[in-house]
Amino acid sequence: MLAGGPRSVVLVVDDEPAIRLLCKVNLELDGYEVREAGTLDEARQHLEVGIDVVLLDMHIGMERGEVLLEELIERRIPVAVVTGSTELDVARGRADAVLGKPFTIDELEATVARLVAQGTSRL
C-alpha cells in the first residue's frame, strides 16, 4: 500500500478488457488510482485531467499505440509499453519500460512503482 499523500494515477490503455481489469484490480490493491482506456481517443481524454504513469499496449484494435507513445514522450509522462509482439524492439529505448505479455503481477507492480518514482523525480 502506498504511504500517505495523493494517490498516483495510472492509465491502462489496452483494447482487451481482461488485461485492463487485471491491471486495475491489482494496482488498486497497491493503492493506485487506475483509469482505463480501450482506444487512443479515450486515452487522450484521460491525459487532459492528469495521469502519472501510462501502461500502453502497442496494438489497440486497429490503432497503433506507437502514435500515443510519441505524445507521452513529448508530455514527459512515464510509460511502460505492454505488448506480446515483436514490437518489443521498437519500444525499447523509447518507452521508460517494457512489459512483455504475458507478465506477472510482480512485474506489473514493480514496473509501475519504478515509473511512479521516476515521474516524481522529474518534478
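Residues numbered from 1 in each chain as written. Predicted model: local features only at pLDDT ≥ 70, side-chain atom pairs only at ≥ 80, totals over all residues. Heavy atoms only, no water.

Trainee: Just to check I follow, could you spell out the side chain of R20 for this structure?
Mentor: If you trace the backbone, R20 turns up in helix 1 (residues 17-29). In terms of polar contacts, R20 uses its side chain to reach the backbone carbonyl oxygen of D14, at 2.6 Å. The residues touching R20, leaving out its near neighbours within four places in the chain, are V12, D14, D15, E36, A37 and G38. (Helix = DSSP H or I, 4+ residues; strand = E, 2+ residues; numbered from the N terminus. Polar contact = N/O pair within 3.5 Å; in protein donor to acceptor, adjacent residues only side chain to side chain. Contact = heavy atoms within 4.5 Å.)

Trainee: What am I meant to see in unusual backbone geometry here?
Mentor: Between K101 and P102 the backbone carries a cis peptide bond, its omega angle lying at 0 degrees. Among the secondary structure elements, P102 is positioned in the loop between strand 7 (97-100) and helix 5 (105-121). A positive phi angle, near 65 degrees, is found at R76, a position not held by glycine. The residue R76 is located in the loop between helix 3 (65-75) and strand 6 (79-83) in this model. The class of R76 is exposed, set by a relative accessible area of 54%. (Buried < 20%, exposed > 50% of the residue type's maximum accessible area, 1.4 Å probe, protein only.)

Trainee: Is there a simple way to explain the pattern of salt bridges in this structure?
Mentor: Pairing is possible between side chains of opposite charge, provided their charged atoms come close. Within this structure, the stated rule accounts for 12 salt bridges. With a shortest N-O distance of 2.7 Å, E71 and R44 are connected by a salt bridge. Of the two residues, E71 is situated in helix 3 and R44 in helix 2 (residues 40-47); the sequence distance between them amounts to 27 residues. Classification of E71 as partly exposed rests on a relative accessible area of 24%. (Salt bridge = Lys/Arg side-chain N within 4 Å of Asp/Glu carboxyl O.)

Trainee: Teacher, can you tell me more about the nonpolar core here?
Mentor: The nonpolar side chains of soluble globular proteins are, as a tendency, buried together. Judged by nonpolar contacts, the single largest core of 19 residues is most densely connected at L11, V13, L47, V54, L56, L68 and L72. Contributions of two or more residues to this core are made by strand 1 (9-13), helix 2, strand 3 (53-57), helix 3 and strand 6. Beyond its immediate sequence surroundings of up to four residues, L68 is in contact with V13, L40, A43, R44, L47 and L56. (Core = buried A, V, L, I, M, F, W, Y, C linked by side-chain atoms within 4.5 Å.)

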